[in-house]
Amino acid sequence: MQDWRIAELRTALATHWPGLVAEALPEIGSTSTELLLRAREAGAAFAPCLLVAERQTAGRGRLGRQWQSGVGDALTFSLAVALGRADWSGLSLAVGVALAEAIDPANAWLRLKWPNDLWLADGRKLGGILVEGLPLPQGPRVAVVGVGLNLRAPADPSLPAAGLTDFEPGLDAPALLARVAPALAAALRRFDTEGFSGFAAAFATRDVLAGRPIRTTDPALPAGLADGVDSDGALRLRCDGRLQRVVSGEVSVRPN
């Protein structure tokens, strides 16, 4: 198994989430499923946890999509923390901002696609985010943030995807985790205090949909012109001369 430098990682993340547990596994079905199970079993004794796997056999994306990759082809991990904030609106966008700024701090090439993907400007996908929640008994909810980032583009040519090694040859999963995990931990702490408002301006600078014609899976709003996001992270869509809101959930959005 690769050297994940777990002790160093734990120390870096515990700065933001004291008592955090970190673990690396060679293979698992889904890191997020495992952390949801652990949180449910721990209840009020839950401790923040980061779990990374070299390979996930049942990785999950938004709307039930599967995420699969070979060993070394991607970084797949989940971070679970208890958030006292009741309103999680825009959380996946805040996570995206944290990841993008850690990977491409100069904002040169990495963009964000509402509500939970990392893209290149040409529409190729580099990664995805899945946020799930679990209430604790007589306490806050646990946010389980699952992250998948391509190091190498999938071999299937029909998939419009790219890999981070296209930009940083030699980059491996442990080095990438050491860069993004502390940034994610810090962002979750900041979100707990500020909500999406603390990330809105940064998201706007990377919004790949802004100003583009898009289509949605919502029959009531099949198409329109993307006009950024609201203060709560809802997508603004100009349709038939009116400004509409699209909230994350069962709606999928793609550029025309």
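Every value quoted in this text rests on a predicted model; they were computed, and no experiment measured them. (Residues numbered from 1 in each chain as written. Predicted model: local features only at pLDDT ≥ 70, side-chain atom pairs only at ≥ 80, totals over all residues. Heavy atoms only, no water.)

Caption draft 1: Geometry of the sheet that holds strand E7 (residues 117–120). Spatially, the 7 strands line up as an open sheet ordered E1-E2-E5-E9-E8-E7-E6, and their pairing is mixed. Both outer strands of the open sheet, strand E1 (21–25) and strand E6 (110–113), are each paired with one neighbouring strand and no more. On average, each strand axis in the sheet is inclined to that of its neighbour by 20°, with strand direction left out of account. Strand contacts of helix H3 (residues 91–103): strand E5 (74–83), E6, E7, strand E8 (125–135) and strand E9 (141–150), with the helix running at about 140° to E8, the strand carrying the most contacts. (Pairing = 2+ DSSP bridges. Helix = DSSP H or I, 4+ residues; strand = E, 2+ residues; numbered from the N terminus. Axes fitted to C-alpha atoms, helices over the stretch in contact; angles between N-to-C directions. Contact = heavy atoms within 4.5 Å.)

Caption draft 2: Structural view of the packing of aromatic side chains. In total, this model carries 2 aromatic pairs according to the counting rule given. Centre to centre, the rings of Trp109 and Phe167 are 3.9 Å apart; their planes meet at 5°, and the pair counts as stacked. One end of the pair, Trp109, is in the loop between H3 and E6; the other, Phe167, is in the loop between E9 and helix H4 (173–194), with 58 residues separating them in the sequence. A residue is classified by how much of its surface remains accessible, and Phe167, at 35% relative accessible area, is partly exposed. For the pair Phe196 and Phe203, a centre-to-centre distance of 6.4 Å together with 70° between the ring planes defines the contact as edge-to-face. This pair shows no difference in class: Phe196 is buried, exactly as Phe203 is. The residue whose ring lies beneath Arg141 is Trp88, and the NZ or CZ to ring-centre distance is 3.9 Å. (Phe/Tyr/Trp six-rings, centres within 6.5 Å; stacked < 30°, edge-to-face > 60°. Buried < 20%, exposed > 50% of the residue type's maximum accessible area, 1.4 Å probe, protein only. Lys NZ or Arg CZ within 6 Å of the ring centre and 35° of its normal.)

Caption draft 3: The arrangement of the environment of Arg38 in detail. You can see Arg38 is positioned in helix H2 (residues 31–42). We classify Arg38 as partly exposed; its relative accessible area is 26%. Spatially, the C-alpha atoms of Arg38 and Ala80 are 9.9 Å apart, while their sequence positions differ by 42 residues. Excluding anything up to four places from it in sequence, Arg38 contacts Glu23, Cys49 and Leu51. In terms of polar contacts, Arg38 uses its side chain to reach the side chain of Glu23, at 3.1 Å. (Polar contact = N/O pair within 3.5 Å; in protein donor to acceptor, adjacent residues only side chain to side chain.)

Caption draft 4: Examining the side chain of Arg206 more closely. Among the secondary structure elements, Arg206 is positioned in helix H5 (residues 200–206). Of note is the side chain of Arg206, whose polar atom sits 2.7 Å from the backbone oxygen of Asp104. Apart from the residues within four sequence positions on either side, Arg206 is in contact with Ala100, Glu101, Asp104, Pro105, Asn107, Leu110, Arg111 and Leu112.

Caption draft 5: Geometry of the nonpolar core. Residues Leu50, Leu75, Phe77, Leu79, Leu176, Leu177 and Leu188 are the most contacted members of the largest nonpolar core, which totals 67 residues. Residue contacts for Leu79: discarding those within four places in its chain leaves Leu13, Leu20, Leu35, Cys49, Leu50, Ala143, Val144, Val145, Leu184, Ala185 and Leu188. Counting residues in each nonpolar core, the second largest holds 14 residues, with Leu25, Ile28, Leu36 and Ala80 among its members. (Core = buried A, V, L, I, M, F, W, Y, C linked by side-chain atoms within 4.5 Å.)

Caption draft 6: Broad picture of the pattern of salt bridges. In this structure the tally under the stated criterion is 13 salt bridges. Of the charged contacts in the structure, one is a salt bridge between Arg38 and Glu34, with a shortest N-O distance of 2.8 Å. Linking Arg38 with Glu34, this pair stays in helix H2, spanning 4 residues, or about one helical turn. Residue classification places Glu34 among the partly exposed positions, given a relative accessible area of 22%. Asp227 is the partner of Arg238 in a salt bridge, and the nearest nitrogen-oxygen pair spans 3.2 Å. Residue Arg238 is found in strand E12 (residues 235–239), and its partner Asp227 is found in strand E11 (residues 223–229); the two are separated by 11 residues along the sequence. The class for Arg238 is partly exposed, based on a relative accessible area of 41%. A residue is classified by how much of its surface remains accessible, and Asp227, at 26% relative accessible area, is partly exposed. (Salt bridge = Lys/Arg side-chain N within 4 Å of Asp/Glu carboxyl O.)

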